[in-house]
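# Structural overview for review
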Amino acid sequence: MTRPPAVVLLSGGLDSTTVLAIANDLGYIAYALSFRYGQRHHVELDAAKRVAGSIGVERHEVVDIDLRTFGGSSLTSNASVPKHDSVNALGEGIPNTYVPARNTIFLSFALAYAEVVGARDIFLGVNALDYSGYPDCRPEFISAYEQMANLATRVGVEGETLTIHTPLISLTKSQIIQRGTELGVDYSVTSSCYDPDPEGHPCGHCDSCLLRLRGFEEAGMSDPLKYQGSLV
């Protein structure tokens, strides 16, 4: 039986890496899609390339979009990335690391890529539990976008269904790590930090680092990455 193609959004982070492994395990041929969107560092794209090579994909495309034109986020401007001493200090509101409409934009490119490669499935690593409160990571957003996608594409008009898969959306970070570990994911090739040093070492204090570290701790495992404060 021929394996069906699927587009997998791949940032090089822990979540998207796990989703790529899940898509492969489900029998899909993965077409990975990453973005050079004006983010403050290249580390995540380096990680995405490593992940694609480690897990295996049919094709890996990196699309250039310059969201620094708009700014509006500490990831696409010179604003400081928020840092905290512990995960308990994370705020309740939407942090300035939120990039306005980023997942909406990324999914639009994924739709186009899916139509070109004949995919009826898109995989996305959004999570609605251990995350930073981004509005475009919620189930309501994914459901609405999927409905729109089936109105806006040739696939939908011709009577087929395009599905957006979010296998991590109701998992905690520790459950995500455990699932990835079961699938043989090498998390040492990933990068989650919003503000790594020039060598790619994570800061250990941004929202993403703190949530990642808590996930490994709750999973009873050690994060294989070497954090800036632990460098010798």
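Scroll up to find the structure.
For the structure given in this document, a descriptive report is provided here.

Quick notes on the rules
Residues numbered from 1 in each chain as written. Predicted model: local features only at pLDDT ≥ 70, side-chain atom pairs only at ≥ 80, totals over all residues. Heavy atoms only, no water. Buried < 20%, exposed > 50% of the residue type's maximum accessible area, 1.4 Å probe, protein only. Helix = DSSP H or I, 4+ residues; strand = E, 2+ residues; numbered from the N terminus. Pairing = 2+ DSSP bridges. Right-handed = clockwise from strand over helix to strand, strands pointing away. Phe/Tyr/Trp six-rings, centres within 6.5 Å; stacked < 30°, edge-to-face > 60°. Axes fitted to C-alpha atoms, helices over the stretch in contact; angles between N-to-C directions. Contact = heavy atoms within 4.5 Å. Expected span 1.5 Å × (residues − 1). Arc of directions from axis to C-beta. Parallel < 35°, antiparallel > 145°, perpendicular 65-115°, else oblique. Left-handed = near helix turned anticlockwise from the far one by under 90°. Nonpolar A, V, L, I, M, F, W, Y, C, P; charged D, E, K, R; others polar.

## Remarks on the pairing of strand β2 (residues 29-36)
Extensive coverage of β2 is indicated by the burial of 6 of its 8 residues. Sheet topology note: the strand β1 (residues 5-9)/β2 ladder contains 5 bridges and is parallel. By the bridge assignment for β2, Ala-6 is matched with Ala-30. For the segment spanning β1, helix α1 (residues 14-25) and β2, crossover handedness is right-handed. In the sheet, β2 pairs with strand β3 (residues 59-64) via 6 bridges, with the strands oriented parallel. If you follow Ser-34 over to β3, its bridge partner there is Val-62. With helix α2 (residues 43-55) bridging β2 and its parallel neighbour β3, the resulting β-α-β unit is right-handed.

## Let's talk about the packing of aromatic side chains
Tallying each qualifying case throughout the model produces 8 aromatic pairs. Here Tyr-31 and Tyr-113 contribute two aromatic rings whose centre-to-centre distance is 6.1 Å and whose plane-to-plane angle is 90°, an arrangement assigned as edge-to-face. Within this pair, whereas Tyr-31 is found in strand β2, its partner Tyr-113 is found in helix α3 (residues 102-117), the two being separated by 82 residues in sequence. Take Tyr-31 and Tyr-113: they sit in the same class, and that class is buried. Chaining the aromatic ring pairs together yields one cluster made of Phe-35, Tyr-37, Phe-106 and Phe-109.

## Considerations on the sheet that holds strand β5 (residues 163-165)
The strand order across the open sheet formed by 5 strands is β3-β2-β1-β4-β5, and the pairing between neighbours is parallel. A single partner strand is all that each edge strand has here, and the edge strands are β3 and β5. Averaged over neighbouring strand pairs, the angle between their axes works out to 25° when direction is ignored. The sheet contact formed by strand β4 (residues 121-123) and β5 spans 3 bridges and is parallel. For Phe-123, the partnering residue across the bridge sits in β5 and is His-165.

## Digging into the environment of Ile-164
Within the element layout of this structure, Ile-164 appears in strand β5. Among the residues examined, Ile-164 registers a relative accessible area of 6% and is labelled buried. Along the primary structure Ile-164 and Asp-121 are separated by 43 residues, whereas in three dimensions their C-alpha atoms are 6.0 Å apart. Residue contacts for Ile-164: discarding those within four places in its chain leaves Leu-107, Ile-122, Ile-142, Tyr-145 and Glu-146.

## Topic: helix α4 (residues 139-152)
In this model, α4 (14 residues) spans 20 Å end to end at C-alpha, consistent with the 20 Å of a helix rising 1.5 Å per residue. Within the sequence span of α4, burial applies to Phe-141, Ile-142, Tyr-145, Ala-149 and Asn-150. The buried residues of α4 occupy an angular sector of 160° when projected down its axis, which confines them to one face. In α4, the exposed residues that point more than 90 degrees away from the buried face are Glu-140, Gln-147 and Leu-151. Buried residues belonging to α4 abut α3, α5 (154-157) and β5.

## Thoughts on the environment of Ile-65
With respect to the helices, strands and loops of the structure, Ile-65 is situated in the loop between β3 and α3. When near neighbours in sequence (up to four residues on either side) are disregarded, Ile-65 contacts Phe-35, Arg-36, Tyr-37, Gly-38, Ile-105, Phe-106 and Phe-109.

## Description of unusual backbone geometry
With phi around 60°, Ala-101 is a residue other than glycine that occupies positive phi space. Note that Ala-101 resides in the loop between β3 and α3. Accessibility expressed as a relative area gives 32% for Ala-101, which makes it partly exposed.

## Structural notes on the packing of α1 against helix α6 (residues 173-182)
Packing of α1 against α6 brings their axes to within 10 Å, and their N-to-C directions diverge by 45°. Judged on the interaxial angle alone, α6 and α1 are oblique. The handedness of the crossing between α1 and α6 is left-handed. For the pair formed by α1 and α6, the contact residues are Leu-14, Asp-15, Thr-18, Ile-22 and Asp-25 on the first element and Lys-173, Ile-176, Ile-177, Arg-179 and Gly-180 on the second. Residue composition of the contact of α1 with α6, by class: 4 nonpolar, 2 polar and 4 charged.

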